[in-house]
Amino acid sequence: MNVTIYHNPACGTSRNTLDLIRHAGIGPVVIEYLKTPPSRETLVKMIADAGLTVRQAIREKGTPYAELGLDDPALTDDQLIEAMLANPILINRPFVVTPMGTRLSRPSEVVLDILPADAFKGPFVKEDGEAVLDAEGKRIV
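Overview of the structure. (Residues numbered from 1 in each chain as written. Predicted model: local features only at pLDDT ≥ 70, side-chain atom pairs only at ≥ 80, totals over all residues. Heavy atoms only, no water.)

### Remarks on the side chain of Thr-98
Relative to the helices and strands, Thr-98 is located in strand 3 (residues 95-98). Accessibility expressed as a relative area gives 8% for Thr-98, which makes it buried. Only 2.9 Å separates the side chain of Thr-98 from the backbone nitrogen of Met-100, close enough to count as a polar contact. Residues within four places of Thr-98 in sequence aside, it is in contact with Met-1, Asn-2, Val-3, Ile-114 and Leu-115. (Helix = DSSP H or I, 4+ residues; strand = E, 2+ residues; numbered from the N terminus. Buried < 20%, exposed > 50% of the residue type's maximum accessible area, 1.4 Å probe, protein only. Polar contact = N/O pair within 3.5 Å; in protein donor to acceptor, adjacent residues only side chain to side chain. Contact = heavy atoms within 4.5 Å.)

### Digging into the nonpolar core
One finds Leu-43, Ile-47, Ile-58, Leu-70, Met-84, Leu-90 and Phe-95 to be the most contacted residues of the largest nonpolar core, which totals 19 residues. The set of elements that each furnish at least two residues to this core consists of helix 2 (40-49), helix 3 (54-57) and helix 4 (77-86). If we skip the residues at most four places from it in the chain, Leu-43 touches Pro-38, Ile-81, Met-84, Leu-85 and Ile-91. If you look at the next biggest cluster of nonpolar residues, it comprises 17 residues, including Ile-21, Ala-119, Val-132 and Leu-133. (Core = buried A, V, L, I, M, F, W, Y, C linked by side-chain atoms within 4.5 Å.)

### A short note on unusual backbone geometry
In the segment running from Arg-93 into Pro-94, the intervening peptide bond is cis, with an omega of -10°. With respect to the element layout, Pro-94 can be found in the loop between helix 4 and strand 3. Residue Pro-107 follows Arg-106 across a cis peptide bond; omega there is 0°. Note on placement: Pro-107 falls in the loop between strand 4 (101-104) and strand 5 (124-125).

### Examining the pairing of strand 1 (residues 4-7)
Where strand 1 meets strand 2 (residues 29-32), 4 bridges bridge the pair, whose relative direction is parallel. Note that in strand 2 the partner of Tyr-6 across the bridge is Ile-31. (Pairing = 2+ DSSP bridges.)

### Quick look at the pattern of salt bridges
On inspection of all chains with the given rule, the structure shows 8 salt bridges. For Lys-35, the salt bridge identified is with Glu-32, shortest N-O distance 3.4 Å. Note on Lys-35: relative accessible area 67%, which makes it exposed. Salt-bridge contacts for Glu-82 lead to Arg-40; the nearest nitrogen and oxygen are separated by 2.6 Å. Here Glu-82 is found in helix 4, whereas its partner Arg-40 is found in helix 2, with 42 residues between them in sequence. The class for Glu-82 is partly exposed, based on a relative accessible area of 43%. (Salt bridge = Lys/Arg side-chain N within 4 Å of Asp/Glu carboxyl O.)

Here's what the structure looks like:
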């Protein structure tokens, strides 16, 4: 299965998402988007395919969001996209693209919606100790 993750190794949610993908036995394409940002076309497509608005895909915490005045409701989606491309840290993470769909995997277990359920063969626990999959590899609700 072809899987691409737009990853930030400094982010725990991104690390947990990557670990879940690998736990499914999948070797994803890992794009460190801070070093290699997506193209405008790719970013717009990921946001649309994930069913998000541009504002839902923009990251506020730990970014220049406030300093750039991006909370101004008069800003257009195009203006926000331009800000995200100029400052990739504004792109919320991690985006994951698979043949089953695209998701902004926040929280990390959202990625399970676009991975084959039968791929998981055992338990998975996040970095913080939260159990996500049980001993049979089934999602814990």
